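Here are the chains, one letter per residue:
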Amino acid sequence: MSFRTCPACKASVLEDDAEVCPFCGASMSGKPTPKAAAPAAPAKKPAAAKAGKPAGKPAAKAAAAKASAKRPAAAEESAESGDPFDVDTAAMRKAFPVQPRPKKGYMIRVVCPMCDTPGFISEKQQGKDVKCSNPKCLMPVYTAPEPEKDETEDEAPAANWTTRIFWGVAGTAALAGLITVYMVVFNAEVDETDPLDIPPIVGSTNDDEEDPLLDPNGGGKTPAADTTPPVTPEEIRDQALPEMVKAAQQRDSNRSKPYGRQQAAEAYALVGDLSKARQQVSRLADVGRTVPFYRIAPLVEIARRQRESGDLAGSNATLDKAMAVASFPRVGRQPLDAVGALAAALVVNDRLDEAKELVTGHSAGGTRGTMSALWQGATELKTYNVAIEAMHPYLRQMPGPIWVAVTRTVAREGTVDQAVSWANAAGDVSVRDNSLAAWAGVAAGRGGDEDLQGIEAIAGGASPAARVRIWAAVADAQLLAGQADAAKASLEKADAALAEMAVPQPQPVPGMKAIYQSIGRSNAGLPDPAPSYSAALAAADLAELHQRLEQPETAWERIRTALRFTAGTAPGLSATRALTEQNSDFNRSSTEQQLKSAVGLRDSEVFLAFNRYRRQCEMLNDEAEKRFRFEVQLLRRAVRLGLEDSVWSLVDGQDEVLGTLVAQPYLESTLSGLLSVTAKERGNAELEAAIRSGLAGTSQKTSPSDVIVIGVQRMLGADQFDQIVQILRSYYRTPGHDRYIADREVLIAISKYQDEAGYSATVDLILQLPDPLIREDCLLLASARAGQNRQEDAAWKTLAKLNLPATERVAAYRGLIGGLVAAGAL
């Protein structure tokens, strides 16, 4: 590797973001350095030397001992000052290697502060020097975080006691973590104290100081009059931006230098200082060699500013630079955020084909993709409120979440033609219909007559499923805007479009000859399931809206309609399982004879034909598995809507309308655990007893994520925001937990808490969260909302009282500046 070279003395400088040469003091940029201050006056000589008398031997020995004692302190000072060649080789030798993947005994996740590479260590290695698993890391040795003190012992004794008993009996880490979360959520006594009375923590505001954003109608003590003059947006900008750069450079309490540079570059671009934004991107290229995609977000912001000023050629040149570093890891939400931001910028610059190739090659679904879509919606659409984003029906069960996220960004920044063209460019019809709904939701949210006319035109030429989803999205936007009558009218249009759709016949198990002849065809020879899945999602959107209008019977009927559509995609899972079991080696002889007779094979062809037939049956079972998983997610969604009684009747085989149409082994999934936990939480004793009786003799599967979601929602409903931290600590320690589900619930909770308690109290709560990444995300969004709501003076003064780590300080300043820009104050 090559180091930066001083333009004056030509020495190699190890520090990537050094401003001046550590050897000669010259500026690393080649510009003249500021004139140094005059040296201080020399210290007075000792009295003995002043008198001209030499120091005696005892005095010399004392001086030598004193100098020797000072050497370690001097070495420390040298290390802190950033000597590029002061390398602790002993620490390198003693450091424990970080495991790149979790395995038995290594389940504690850590992140290298130099290159942001995640890894896993054992409990014994917490608080000790460890070595990054990335062989290209420039500074691989760092100190792993100390283990956090378990606070549930003092706050929830019943939960800890039960957990310890279970731990001793079961001895299984995953189940122990789940039981801990479950008991904290459901067995701990509800704290009757003031939910805003949060214990003081390091870095929080002083209890004796008043909350500058305390709700005047929320009770509590009256804030003292603030005699200091209000801070203006311009003053915040002029102070925050240099502070962000300074924080990005510091070594101590800095989780990630690349993150700091990235946020500083974005902030400079947001305020229109493109020169300094490019300078920060250049520094980011030096310190973030292992995370090149970090440069994409600030480059996209620079390109946006250039496009808005009329410099389309310059904007495209900047996007070319972003495309050059478009290399993304397959883990984490941030890479998907970068993919979405870059793809949207390409579409708005009329480079749709490049955007399509980018998203197709670097997309992701599941909870990771969903969390990225919610984050992009909150930041790109400038709501900065994940609670609002999570309410949109079309953002649930997304078949292509990044495609949908790009559509929403283009709908805000580009033209109608650009957004609709991007939506229609999706290869999967279910992604296409979902994207059209997302576009309609953004357009309807603006509420203009021109937007509604455009929606009418697009919906008129769309497929029936797309038309249902478009009008459902419009109704959702109107409900959020308080326009109930308009929402009901839009919902009627969506219901009418759904009634026009033909429901397919249930898909039976094909015969032996049909299965054999389908070898080589897509979807195991079955029809393309995407149109039926899209129709099912459209019906589910309507179910959610009818439930919000307090029409549960109609809502459940829409869920039934959704299940009728999915029944036409593949046979039931129980039937395909039985088919694959018939093809075992134990039954091979009889199956070969049946296949020979059905297909008309020669004896020499039977052996190979049987193997191909068995493989095709397995592919058919895979399609049935897809249908089963889709239906489980659909029914889980219905449970969360409050339709748990109807879902249980269906699962228990007692739904009189559907009958055996969807006879599936639902109790084998986590749906059984969700039903049980939901019945307990909602106080439905009759349902709880029915579920217990129905599950007799079978094992109940409960997902830790279900417990955390219901627990957080319970604490929100009871205004017990501080207890959310307790269950999160337990959940993050549960092996195999889905962090994206936890992140989503935390961001939703923080958004709601800020609405009730104000910015200062929200920051105090954020600083108690157990994960540094989610703390940074929450600080960014909460600060952005404060700026957008023109509460920048109180927010700035709140942050001034805190001693935040570098990355958290950067996140807060970045959010505040972004909110002020969104409000038009900068």
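Within every chain, residues take consecutive numbers counted from 1 along the sequence as written. Predicted model: local features are reported for residues with pLDDT of at least 70 only, side-chain atom pairs are reported and counted for 80 or more only, and whole-chain, interface and lining totals are derived from all residues. Each side-chain value is worked out from all heavy atoms of the structure, with water and hydrogens disregarded.

**Considering the environment of serine 751**
Reasoning step 1: Note on conventions: DSSP H or I runs of at least 4 residues are helices, E runs of at least 2 residues are strands, and numbering of each starts at the N terminus. Tracing the chain through its elements places serine 751 in helix α33 (residues 739–757).
Reasoning step 2: Exposure classes here rest on a 1.4 Å probe applied to the protein chains alone. A residue is buried below 20% of its type maximum, exposed above 50%, and partly exposed in between. Given the relative accessible area of 4%, serine 751 is considered buried.
Reasoning step 3: Ignoring anything within four residues of it in the chain, the contact list for serine 751 reads Asn385, Val386, Ala387 and Arg785. Here, two residues are considered to be in contact whenever any of their heavy atoms come within 4.5 Å of each other.

**Thoughts on the pairing of strand β4 (residues 108–111)**
Reasoning step 1: Note on pairing: two strands pair once DSSP finds at least 2 bridges between them. Pairing between β4 and strand β5 (residues 118–121): four bridges, direction antiparallel. Directly across from valine 111, in β5, lies its bridge partner proline 118.
Reasoning step 2: Connecting the antiparallel pair β4 and β5 is a turn made up of six residues, with aspartate 116 showing a positive phi of about 65°.

**Things to note about the sheet that holds strand β7 (residues 141–143)**
Reasoning step 1: Taking strand neighbours across the sheet as the criterion, the three strands line up as β3-β6-β7 in an open arrangement whose pairing is mixed. With one partner strand each, in any of the chains shown, β3 (96–97) and β7 form the two edges of the open sheet.
Reasoning step 2: In the sheet, β3 pairs with strand β6 (residues 129–131) via two bridges, with the strands oriented parallel. The partner of phenylalanine 96 across the bridge, within β6, is valine 130.

**What about helix α18 (residues 429–446)?**
Reasoning step 1: Relative to the 26 Å expected for 18 residues at 1.5 Å per residue, α18 spans 26 Å between its end C-alpha atoms, a close match to the ideal helical length.
Reasoning step 2: Within α18, 14 of the 18 residues are buried, leaving the element largely enclosed by the surrounding structure.
Reasoning step 3: Note on α18: the residue one or two positions beyond its end, glycine 447, has a positive phi of about 75°. Every helix has an expected span of 1.5 Å times one less than the residues it contains.

**Things to note about the pattern of salt bridges**
Reasoning step 1: Salt bridges are identified by distance alone: a Lys or Arg side-chain nitrogen within 4 Å of an Asp or Glu carboxyl oxygen. Within the structure shown, the criterion is met by 43 salt bridges.
Reasoning step 2: A salt bridge links arginine 237 to aspartate 238; the shortest N-O distance between them is 3.1 Å.
Reasoning step 3: Using a relative accessible area of 48% as the deciding quantity, one classes aspartate 238 as partly exposed.
Reasoning step 4: In this structure, arginine 469 engages aspartate 541 in a salt bridge whose closest nitrogen and oxygen atoms are separated by 2.8 Å.

**As for helix α37 (residues 806–822)**
Reasoning step 1: The terminal C-alpha atoms of α37 lie 24 Å apart, and with 17 residues this matches the ideal 24 Å at 1.5 Å per residue to within 8%.
Reasoning step 2: The buried fraction of α37 is high, at 16 of 17 residues.
Reasoning step 3: A positive phi of about 80° marks glycine 824, the residue just after α37.

**Re the environment of alanine 536**
Reasoning step 1: You can see alanine 536 is positioned in helix α23 (residues 530–548).
Reasoning step 2: Residue class for alanine 536 comes out buried when judged on its relative accessible area of 0%.
Reasoning step 3: In the structure, alanine 536 is positioned 38 residues away from leucine 498 in sequence and 10.0 Å away in space, judged by C-alpha atoms.
Reasoning step 4: Not counting residues up to four positions away in its chain, the partners in contact with alanine 536 are Ala562, Phe565, Thr566, Phe630 and Leu634.

**Quick look at unusual backbone geometry**
Reasoning step 1: Residue tyrosine 384 is not a glycine yet carries a positive backbone phi of 55°.
Reasoning step 2: By the secondary structure assignment, tyrosine 384 is in the loop between α14 (366–380) and α15 (386–389).
Reasoning step 3: Look at arginine 790: it is not a glycine, yet its phi comes out positive at around 60°.

**Remarks on the packing of helix α16 (residues 401–413) against helix α17 (residues 416–424)**
Reasoning step 1: Contact geometry of α16 with α17 gives a least axis separation of 8 Å together with a crossing angle of 170°. Considering their axes alone, α16 and α17 lie roughly antiparallel with respect to each other. Of the residues in α17, those in contact with Trp403, Val406, Thr407, Val410 and Ala411 of α16 are Gln418, Ala419, Trp422 and Ala423.
Reasoning step 2: Tallied by class, residues from the contact of α16 with α17 come to seven nonpolar, two polar and no charged. Think of each axis as a best-fit line through the C-alpha atoms, taken over the contacting stretch in the case of a helix, with angles from 0 to 180 degrees between the N-to-C directions. With respect to orientation, any angle under 35 degrees is reported as roughly parallel, any angle over 145 as roughly antiparallel, any angle of 65 to 115 as roughly perpendicular, and every other angle as oblique. In this count, Pro and Cys sit with the nonpolar residues alongside Ala, Val, Leu, Ile, Met, Phe, Trp and Tyr, while Asp, Glu, Lys and Arg are called charged and the others, Gly among them, polar.

**Overview of empty space enclosed by the protein**
Reasoning step 1: Method remark: on a 1 Å grid restricted to protein atoms, a set of points is classed as a cavity if a 1.4 Å probe fits but cannot get out and as a pocket if it is open with protein on both sides within 12 Å along at least five of seven lines; lining residues have an atom within 4 Å of a point. Grid points are joined across faces, edges and corners, and a volume is the space filled by probe spheres set on the points. Across all of its chains, the model carries four cavities of 30 Å³ or more by this definition.
Reasoning step 2: Its boundaries defined by the atoms lining it, the largest cavity holds a volume of some 50 Å³.
Reasoning step 3: Residue assignment for the lining of the largest cavity shows that the elements contributing at least two residues are α32 (721–732) and α33.
Reasoning step 4: Grouping the amino acids of the lining of the largest cavity by side-chain chemistry returns 10 nonpolar, no polar and no charged.

**Some thoughts on the packing of aromatic side chains**
Reasoning step 1: In summary, the pairing rule links any two rings of Phe, Tyr or Trp, Trp by its six-membered ring, whose centres are within 6.5 Å, and it sorts them by plane angle into stacked for under 30 degrees, edge-to-face for over 60 and tilted for everything else. All chains considered together, the criterion is met by six aromatic pairs.
Reasoning step 2: Ring plane angle 10° and centroid distance 4.0 Å describe the contact between tryptophan 403 and tryptophan 422, whose orientation is recorded as stacked. Of this pair, tryptophan 403 sits in helix α16 while tryptophan 422 sits in helix α17, and the two are 19 residues apart along the sequence.
Reasoning step 3: On the accessibility criterion, tryptophan 403 (7% relative accessible area) is buried.
Reasoning step 4: Among the aromatic residues, those joined into a cluster by ring pairs are Phe293, Tyr294 and Phe328.
Reasoning step 5: Put simply, a charge is over a ring when the Lys NZ or the Arg CZ is close to the ring centre, within 6 Å, and near the line of the ring normal, within 35 degrees. The lysine or arginine in question, arginine 255, covers the ring of tyrosine 259, its NZ or CZ lying 5.5 Å from the ring centre.
Reasoning step 6: Looking at lysine 493, its charged tip hangs above the ring of tryptophan 471, at a distance of 4.2 Å from the centre.

**A closer look at a nonpolar patch on the surface**
Reasoning step 1: Patch members must show over 30% relative accessible area and no salt bridge, and they are joined within 9 Å when carrying like charges or within 5 Å when they are nonpolar side chains of Val, Leu, Ile, Met, Phe, Trp or Tyr. All accessible areas in this document rest on Shrake-Rupley with a 1.4 Å probe, and a residue is counted as covered only by the protein chains that are shown. A cluster of nonpolar residues, Ile388, Met391 and Leu480, forms a patch on the protein surface that exposes about 210 Å² of accessible area.
Reasoning step 2: Locating leucine 480 in the fold gives a position in helix α20 (residues 464–480).
Reasoning step 3: Exposure remark for leucine 480: the relative accessible area of 34% places this residue in the partly exposed category.

**Some points on the side chain of aspartate 495**
Reasoning step 1: Here aspartate 495 is to be found in helix α21 (residues 484–499).
Reasoning step 2: Aspartate 495 has contacts with Leu542, His546 and Arg558, leaving out every residue within four places of it along the chain.

**Comments concerning the nonpolar core**
Where a protein is soluble and globular, its nonpolar side chains tend to be buried together.
Reasoning step 1: Nine residue types can take part in a nonpolar core, namely buried Ala, Val, Leu, Ile, Met, Phe, Trp, Tyr and Cys, and a core is a set of them joined through side-chain atoms within 4.5 Å. If you look at the biggest cluster of nonpolar residues, it comprises 196 residues, and the most contacted ones within it are Ile296, Leu342, Leu563, Leu635, Val647 and Tyr666.
Reasoning step 2: A per-element tally of this core places helix α12 (residues 334–348) first, with 11 residues.
Reasoning step 3: Leave out the neighbours within four places in its chain, and valine 647 touches Trp556, Leu635, Ala638, Val639, Leu671 and Leu675.
Reasoning step 4: Listed in part, the 15 residues of the second largest apolar core include Tyr516, Ala524, Ala570 and Phe610.

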